[in-house]
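# Per-entry structural report
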Amino acid sequence: MSTRHIKQGKFAKIRKFETPEELPEKYRNLLKKMLFVQADTEFASVQQHLEWQQNSPSPEDKWVLSRIVADEVRHGLTMTRLLKQFGKEGEQMVQKLLARKIGEHTLDSFNIEFENWESVLAFTCFVDRVGLYQLEAFGECSYAPLAREMPLMLNEEKLHIGFGYNGLKKVISDDGYLGDMDSAQKAVNFWLPRALDMFGHSKSENADLAVELGIKKWNNIEMRDRYYQEATQLCESLDLQTPDIDEGRRIL
Ligand SMILES: [Fe+2]
Ligand SMILES: [Fe+2]
């Protein structure tokens, strides 16, 4: 449950900000950028999933994937509502978001079409989990309208990552389901480095500023390290190899 007062960063103890007008300029600009990137990932993942909503291997998979698609659209909608509070500039950002296609998104992970079903599962298990970390970092955001959206979004993301993890488990252990250990490992090797890249540069001025302003709870390195530990445990529980933390990485 988020509090009414800021808990973190240099504005700690004052009332949370409720409108863009109250925000210092540096804060306003950074928040707009962050909302834009968040919205972009949500709408992008919808584009990535749609083909597989058609080609799901079972009716149950089709149902859950359809729920995931609906959730991601809702997350995108939530972020665009927040952006629209920023007036004309926010509106223009929303138009730009809606026009973007695969290949035009900000983060690399969202410009890649899924090669096979294992790829869908590894993506939801590992890339959606990065989303979960990012949302948890916004949990006590000093901008109250964003903080208030987090509990529901977090719950929905938990369903997504659970679907990915359980799906990979089925690929590995259920002979009646598609794929096998090798195809699961291949998908993990592909997506885990990309997921780790999504935390951004270790020395990111914007991420440090976001922590200073109380927008986020943790910086990029803290989140990536904690995430990698969790990813390692997940891989071990599936009897899969965990790629090294810097293997195949592009953003360090
Ligand atoms: Fe989402
Ligand atoms: Fe998700």
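Just so it is clear, the structure is predicted and the values come from calculations on it, not from any experiment.

Once that is clear, we can look at the overall build of the protein. Along the protein, the regular secondary structure elements total 8 helices and 0 strands. Its C-alpha atoms give the protein a radius of gyration of 18 Å, near enough to 18 Å, the size a compact globule of 252 residues would have. Referenced to the eigenvectors of the C-alpha coordinate spread, the extents of the protein come out at roughly 60 × 35 × 30 Å. Out of the 252 residues belonging to the protein, those deemed buried represent 40%. Restricting the contact set of the protein to residue pairs at least 6 apart, pairs at least 24 apart contribute 71%.

We now examine the nonpolar core. Core analysis: the largest hydrophobic core is formed by 58 residues, its most contacted members being Leu 83, Leu 121, Ala 122, Phe 126, Trp 191 and Ala 195. The contact partners of Ala 122, leaving out residues within four places of it in the chain, are Gly 164, Leu 168, Ala 187, Val 188, Phe 190 and Trp 191.

On to unusual backbone geometry, then. Of note, Lys 13 is a non-glycine position whose phi angle comes to about 85°, a positive value. With respect to the helices, strands and loops of the structure, Lys 13 is situated in the segment before helix H1 (25-54). Judged by local crowding, Lys 13 falls into the exposed class, with 7 C-beta atoms found within 10 Å. In this structure, Asp 239 takes a positive phi of about 60° despite not being glycine. Summarising the element assignment, Asp 239 is placed in the segment after helix H8 (220-237).

In this model helix H5 (residues 144-173) runs 44 Å from its N-terminal to its C-terminal C-alpha over 30 residues, within 8% of the 44 Å that 1.5 Å per residue would give. The largest bend in H5 is about 35°, located at Met 150, with the proline Pro 151 one to four residues further on. Three or more residues of H5 are buried, namely Leu 146, Ala 147, Met 153, Glu 156, Glu 157, His 160, Phe 163, Gly 164, Gly 167, Leu 168 and Val 171. Buried residues belonging to H5 abut helix H2 (59-84), helix H4 (117-137) and helix H6 (181-197).

Before going further, it helps to spend a moment on the packing of H2 against H5. Closest axis-to-axis distance for the H2/H5 pair is 10 Å, and the angle between their directions is 160°. Judged on the interaxial angle alone, H5 and H2 are roughly antiparallel. Crossing of H2 against H5: the hand is left-handed. Between H2 and H5, the contacting residues are Val 64, Ile 68, Asp 71, His 75, Thr 78 and Leu 82 on the first element and Pro 145, Leu 146, Glu 149, Met 153, Glu 156, His 160 and Phe 163 on the second.

All right, on to the environment of Ala 184 then. One can find Ala 184 in helix H6. The exposure class of Ala 184 is buried, given the 25 C-beta atoms found within 10 Å. When the C-alpha atoms of Ala 184 and Pro 151 are compared, they prove to be 31 Å apart, with 33 residues separating the residues in sequence. With sequence-adjacent residues up to four places away left out, Ala 184 is seen in contact with Glu 118, Leu 168, Val 171, Ile 172, Gly 179 and Leu 240.

So, about the packing of H5 against H6. At a closest axis distance of 7 Å, the pairing of H5 and H6 adopts a crossing angle of 145°. Along its contact with H5, which presents Leu 168, Val 171 and Ile 172, the element H6 presents Met 181, Ser 183 and Ala 184. In terms of residue class, the contact of H5 with H6 is built from 5 nonpolar, 1 polar and no charged.

Turning our attention to the environment of Lys 32. Positionally, Lys 32 belongs in helix H1. For Lys 32, a count of 19 C-beta atoms within 10 Å gives the class partly exposed. Considering only alpha carbons, one finds Lys 32 and Lys 84, 52 residues apart in sequence, at a separation of 9.9 Å. Those residues in contact with Lys 32, other than ones at most four positions away along the chain, are Leu 83, Phe 86 and Met 93.

Moving on, we come to the environment of Ser 202. Relative to the helices and strands, Ser 202 is located in the loop between H6 and helix H7 (205-212). For Ser 202, a count of 13 C-beta atoms within 10 Å puts it in the partly exposed group. A C-alpha to C-alpha distance of 26 Å links Ser 202 and Leu 23, two positions 179 residues apart in sequence.

Here we take up H8. The terminal C-alpha atoms of H8 lie 26 Å apart, and with 18 residues this matches the ideal 26 Å at 1.5 Å per residue to within 8%. Listing the buried residues of H8 in full gives Asn 220, Met 223, Arg 224, Tyr 227, Ala 231, Leu 234 and Cys 235. Take H8 and look down its axis: the buried residues cluster within an arc of 95°, on one side only. In H8, the exposed positions angled more than 90 degrees off the buried face are occupied by Gln 229, Gln 233, Glu 236 and Ser 237. Where the residues of H8 are buried, they touch H4, H5, H6 and H7. The first or second residue beyond H8 is Asp 239, which carries a positive phi of 60°.

About the thresholds
- Residues numbered from 1 in each chain as written.
- Chains lettered and ligands numbered in written order.
- Predicted model: local features only at pLDDT ≥ 70, side-chain atom pairs only at ≥ 80, totals over all residues.
- Helix = DSSP H or I, 4+ residues; strand = E, 2+ residues; numbered from the N terminus.
- Rg over C-alpha atoms; globule rule 2.2 N^0.38 Å.
- Buried ≥ 20, exposed ≤ 12 C-beta atoms within 10 Å, placed from the backbone.
- Contact = placed C-beta atoms within 7 Å.
- Core = buried A, V, L, I, M, F, W, Y, C linked by C-beta atoms within 7 Å.
- Expected span 1.5 Å × (residues − 1).
- Bend = angle between axes of the 7 residues up to and from the residue.
- Axes fitted to C-alpha atoms, helices over the stretch in contact; angles between N-to-C directions.
- Parallel < 35°, antiparallel > 145°, perpendicular 65-115°, else oblique.
- Left-handed = near helix turned anticlockwise from the far one by under 90°.
- Nonpolar A, V, L, I, M, F, W, Y, C, P; charged D, E, K, R; others polar.
- Arc of directions from axis to C-beta.

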